[in-house]
Amino acid sequence: MSIIKYVLLVFTMLGMTQGFCADDAATDRYDQIRRNEEMIRELEAKIAETDRRLALVKTKQWDKIDAAPIEEPAREERRLTPKEIVVGQEKFEDGESPAIAEEKVYQFQFGFETSYISYEEPDVDMTEKGPFFGIYGAFNWRPEELRSWPINVLHVDAHADYGVIKYKSPSGVATNIDDYMLEPRLWIGHDFLLPDAVRITPYVGIGYRFLYDAFGDAGPGAYDRRSQYVYAPVGFELNYKAIPGWEIGLNAEYDIFIQGWQTSFLSDNNSFWPDITNKQKKGYGLRASIDIIKKMDKIDFLVSPYVRFWHIKESEYNTAANNYFIVGGVEPENKSTEIGLKLGAQF
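Cut-off values and rules
Residues numbered from 1 in each chain as written. Predicted model: local features only at pLDDT ≥ 70, side-chain atom pairs only at ≥ 80, totals over all residues. Heavy atoms only, no water. Helix = DSSP H or I, 4+ residues; strand = E, 2+ residues; numbered from the N terminus. Buried < 20%, exposed > 50% of the residue type's maximum accessible area, 1.4 Å probe, protein only. Contact = heavy atoms within 4.5 Å. Areas by Shrake-Rupley, 256 points an atom, 1.4 Å probe, with all protein chains shown as cover. Core = buried A, V, L, I, M, F, W, Y, C linked by side-chain atoms within 4.5 Å.

Draft legend 1. Representation of the overall build of the protein in the model. On a plain count of helices and strands, the protein comes out with 2 helices and 16 strands. Residues counted as buried form 38% of the 347 residues belonging to the protein. Sequence separation of at least 24 residues holds for 64% of the intrachain contacts in the protein that already meet a minimum separation of 6. Of the accessible surface of the protein, which amounts to about 20300 Å², a share of 61% is contributed by carbon and sulfur atoms.

Draft legend 2. Geometry of the nonpolar core. Ranked by size, the top nonpolar core spans 12 residues in total: Ile117, Tyr119, Met126, Phe132, Ile165, Tyr167, Ala174, Ile177, Met181, Leu211, Phe215 and Ala222. Listed by contribution, the elements that provide at least two residues to this core are strand S3 (106-121), strand S4 (126-141), strand S5 (153-169) and strand S6 (172-189). Of all the elements, S6 adds the most residues to this core, at 3 residues. Setting aside residues up to four positions removed in sequence, Met181 forms contacts with Ile117, Phe132, His159, Ala160, Asp161, Arg209, Phe210 and Leu211. Within the second largest apolar cluster, 5 residues are counted, among which are Tyr229, Tyr231, Phe257 and Ile312.

The values reported here are purely geometric and, on their own, carry no functional implication.
If you want it as structure tokens, here you go:
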């Protein structure tokens, strides 16, 4: 958990830095705006004097040309404050950039996803491959009163999938194996607003991955397997409002593997054998995605290709016993690659 503390400290420092930079930028912009106002007033005065002289020339009032200029009636002037920052050609009176001016405090996302997973255990020459289909949902909370805080974003997401897998190893081949996956996640982060309607959000959180492999239905000698990972996602999101009505989102993430449990239900194969669970302590995950979002009045639509990867090292050796047998073993090193596509809506 010390890693998460360090990341939170970095968020705090970055948030403070952003606040100082924002104040300096606002002051510089305000000073420039004041100087521009003074130049405009001087030009207006010169133009008014020129117009007055031309009018006198047209009416041949030569004796009045060098007289004092006619004073214009006083007019009420509204001076800009430092918060009235001009970004591009648009002015946002609350000091926000276009990237956040349209941001919603609460945002929901849901949809469908499909993917293809390739799992392998290189040391034993075993593979499992097949398509997955499922649903996903996400929730973002960006409270306005916390925008200057080191942590101002809360994100929750989850997906549930069903897969049909083909198993292959030196011992044989099995098809139509049912797999079930569930993965809830939560992270916190900080929005950094950049020029040109760009927002970048570094984050850190906690995740849980559950996978149940109903391999026991494959026939004699087979047994079900349950895989559980607890990990800490660390990554960033980048959102860019490319053109009116469209938004591009990029996500890159490194998953710090905290611990895993691999349970082999050997009793499915032989009721006299005990089930065994191996702890996994070394590994890592990677994931990335691209969101292409069509902005609408009430509901936005998105397409998102993604990739998820896991590399888990060999587990600790463990034993299990019952009244009949004692069994022992390790969970081999394994790699899993998932390539998929999301279709969804957000509001």
